[in-house]
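Structure at a glance
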Amino acid sequence: MCHALIIEDERLIAEYLASLAERAGPKSIAMAYTEDKAVGAAHERRPDIILSDVILLAGTGPCAVQAITSHYGEIPVIFITGTPERYLPREPSSVVLHKPIDPVCVMDTFRRLAHL
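The structure displayed is predicted, hence computed values, not measured ones.

Reading the values: rules and limits
- Residues numbered from 1 in each chain as written.
- Predicted model: local features only at pLDDT ≥ 70, side-chain atom pairs only at ≥ 80, totals over all residues.
- Heavy atoms only, no water.
- Helix = DSSP H or I, 4+ residues; strand = E, 2+ residues; numbered from the N terminus.
- Buried < 20%, exposed > 50% of the residue type's maximum accessible area, 1.4 Å probe, protein only.
- Contact = heavy atoms within 4.5 Å.
- Phe/Tyr/Trp six-rings, centres within 6.5 Å; stacked < 30°, edge-to-face > 60°.
- Lys NZ or Arg CZ within 6 Å of the ring centre and 35° of its normal.
- Pairing = 2+ DSSP bridges.
- Right-handed = clockwise from strand over helix to strand, strands pointing away.
- pLDDT = per-residue confidence, 0-100.

Digging into the environment of isoleucine 78
Its location among the elements puts isoleucine 78 in strand β4 (residues 77-81). With relative accessibility at 0%, the residue isoleucine 78 sits in the buried group. Between the C-alpha atoms of isoleucine 78 and isoleucine 50, which are 28 residues apart in sequence, the distance is 6.2 Å. Look past the residues within four positions of isoleucine 78 in its chain and what remains in contact with it is Ile49, Ile50, Leu51, Ser52, Val95, Leu97, Val106, Thr109, Phe110 and Leu113.

Okay, here's the thing in C-alpha cells:
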C-alpha cells in the first residue's frame, strides 16, 4: 500500500497535486501546509513518497523532508517548485520539477519513484 504526503502551502495547488497523485495510484494521501504539519503528518503515518514545494509560508519543504527522512530513512521525494534554482536535491531519490505543473510529468515521475 502506497501512502503519499503532499507538502504545499497553496491550498489549490495542494488539492491539484492530490488529484494527480490519486490518478497515479497511491492508496492514501495526506496533505500538510507547513513544515511542522508535514513532520507531524509523517509521524502519524510514514509516507512512501513525498511531493513537496520548496518554499512554504511557514518553513521549507527541504527542511521538512530532512526531518522526516532522518527519522524514517530514505523516502522518494518530488520537489515541485517555481524556484528550482533555489534548491538542488541532495538525495539520490529526489527529483525537482518546475511550476507550472505538467500533470503527465508529475504522474509519470510519481509512478516511477513509488514503483507503482
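There's plenty left to go through after this.
A look at the packing of aromatic side chains
Using the criterion set out here, one finds 0 aromatic pairs in the structure. The ring of tyrosine 33 has arginine 11 lying over it, and the distance from NZ or CZ to the ring centre is 4.6 Å.

Looking at the pairing of strand β1 (residues 3-7)
Judged by how many residues are buried, β1 sits mostly within the fold: 5 of 5 residues are covered. Of the two faces of β1, the one lined by His3, Leu5 and Ile7 and the one lined by Ala4 and Ile6 are each fully buried. By the bridge criterion, 5 bridges tie β1 to strand β2 (residues 28-32) in an arrangement that is parallel. When the bridges of β2 are listed, leucine 5 appears paired with alanine 30. A crossover connection joins β1 to the parallel β2 through helix α1 (residues 11-24); in handedness this β-α-β unit is right-handed.

Quick look at the confidence of the model for the protein
In the predicted model, the protein carries a mean pLDDT of 91, and the fraction of residues at 70 or more is 92%. Ranking the elements of the protein by mean pLDDT puts strand β5 (residues 94-98) last, at 90, and helix α2 (residues 35-44) first, at 98.

Considering the environment of isoleucine 55
One can find isoleucine 55 in the loop between β3 (49-52) and α3 (61-72). The partly exposed category is assigned to isoleucine 55, whose relative accessible area is 36%. Separated by 26 residues in the primary sequence, isoleucine 55 and threonine 81 place their C-alpha atoms 7.8 Å from one another.

Re unusual backbone geometry
Excluding glycine, residues mostly have negative phi values, and the peptide bonds linking residues are mostly trans. The linkage connecting lysine 99 with the following residue, proline 100, adopts the cis geometry, with an omega of 5°. Mapped onto the secondary structure, proline 100 falls in the loop between β5 and α4 (103-114).

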